[in-house]
Amino acid sequence: METQPNRPAPRRQARGQAVRREILRVAARLGVAAGEVSVAKIAEAAGVYPNQVTYYFGSKDALIVESAFLAVLADARRLERLGNAATTPEAFRANLARAGLAMPSTPQLVQALVLAGRKPELQALVGTGMTLIFRQSERYLERVLRRRGWVLGEAVATEVRRFWAVVLGSGLITNAGFSGTPGDIDLPGILSARSPGVQEAARPATGRLG
């Protein structure tokens, strides 16, 4: 009689997934991208053994990348709530720009991206993470446009990628030691949401950097 391959019991699988999620959640909260949080500290905060961290993620570097994206996705949901509170396109653009450039998770993701740039084995995680950010943002923007009746000067996907490129680019510049402020980058001028029939304002070729 042919035997079936051994498979983890569903309950064991669910428990493993819960442990992995908790490790990831704790790592995102602790901001492990700074490189100052040890695996032992993460394990202690998550209530697991240190070897479980490496078991579920393979390495601390992989955990750094995944947790950074988790932190940004959480901040992106807070941006969405601020956008929902806006009743005009101008307020919508201003709310997203102000909050986007001040996201506490941006330095964490910037450092994770720099790390992944040096380690090819992490780059697939970056691709997955950026795809999640883009999809979440595109779905949100499409809902806002339908609900408010606003239009864009660009395709939704283009608008979303431009927004995140500026947010992460500003974080990279800050990480490199630039002493400016979020106000030095004209993100509201880069976003294009507007009411139908209103001509799109001229868009700056680049952000204002000081």
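Not measured: the values here are computed from a predicted model.

**Some points on the environment of Lys 119**
Okay, step 1: Mapped onto the elements, Lys 119 comes out in the loop between α6 (106-118) and α7 (123-148).
Okay, step 2: When its relative accessible area of 28% is taken as the criterion, Lys 119 is described as partly exposed.
Okay, step 3: Between the alpha carbons of Lys 119 and Ala 62 there is a distance of 10.0 Å; along the sequence they are 57 residues apart.

**Observations concerning the packing of helix α4 (residues 60-84) against α7**
Okay, step 1: Where α4 meets α7, the closest approach of the two axes is 9 Å, and the angle between their N-to-C directions is 10 degrees. With respect to α7, the axis of α4 lies roughly parallel. Contacts from Ala 62, Val 65, Glu 66, Phe 69, Val 72, Leu 73, Ala 76, Arg 77, Leu 79, Glu 80, Gly 83 and Asn 84 in α4 reach Leu 125, Val 126, Gly 129, Met 130, Leu 132, Ile 133, Gln 136, Tyr 140, Arg 143, Val 144, Arg 147 and Arg 148 in α7.
Okay, step 2: Here the contact of α4 with α7 is composed, by residue class, of 14 nonpolar, 4 polar and 6 charged.

**Regarding helix α1 (residues 10-30)**
Okay, step 1: Relative to the 30 Å expected for 21 residues at 1.5 Å per residue, α1 spans 30 Å between its end C-alpha atoms, a close match to the ideal helical length.
Okay, step 2: Among the residues of α1, Gly 16, Val 19, Ile 23, Leu 24, Val 26, Ala 27 and Ala 28 are the ones counted as buried.
Okay, step 3: Where α1 is buried, its residues contact α2 (39-46), α3 (50-57), α4 and α6.
Okay, step 4: Phi turns positive one or two residues past the end of α1, at Gly 31, with a value near 70 degrees.

**Examining the pattern of salt bridges**
Okay, step 1: On inspection of all chains with the given rule, the structure shows 7 salt bridges.
Okay, step 2: A salt bridge links Asp 75 to Arg 78; the nearest nitrogen and oxygen atoms lie 2.1 Å apart. In this pair, Asp 75 and Arg 78 both sit in helix α4, 3 residues apart, roughly one turn of the helix.
Okay, step 3: Ionic pairing is found between Arg 162 and Glu 154, a salt bridge with its closest N-O pair at 3.5 Å.
Okay, step 4: On the basis of relative accessibility, which here comes to 23%, the residue Arg 162 falls in the partly exposed class.
Okay, step 5: Assessed through its relative accessible area of 33%, Glu 154 is described here as partly exposed.
Okay, step 6: The network of salt bridges with shared partners includes Glu 154, Glu 159 and Arg 162.

**Topic: the confidence of the model for the protein**
When pLDDT is low, close inspection of the predicted coordinates is not appropriate.
Okay, step 1: Put simply, the protein has an average pLDDT of 85, and 83% of its residues get 70 or more.
Okay, step 2: Here helix α9 (residues 187-190) is the element of the protein with the lowest mean pLDDT, 74, and α7 is the one with the highest, 96.
Okay, step 3: Every residue in residues 202-210 is under pLDDT 50, and counting partners more than four places away or in other chains gives 21 contacts.

Conventions adopted
Residues numbered from 1 in each chain as written. Predicted model: local features only at pLDDT ≥ 70, side-chain atom pairs only at ≥ 80, totals over all residues. Heavy atoms only, no water. Helix = DSSP H or I, 4+ residues; strand = E, 2+ residues; numbered from the N terminus. Buried < 20%, exposed > 50% of the residue type's maximum accessible area, 1.4 Å probe, protein only. Axes fitted to C-alpha atoms, helices over the stretch in contact; angles between N-to-C directions. Parallel < 35°, antiparallel > 145°, perpendicular 65-115°, else oblique. Contact = heavy atoms within 4.5 Å. Nonpolar A, V, L, I, M, F, W, Y, C, P; charged D, E, K, R; others polar. Expected span 1.5 Å × (residues − 1). Salt bridge = Lys/Arg side-chain N within 4 Å of Asp/Glu carboxyl O. pLDDT = per-residue confidence, 0-100.

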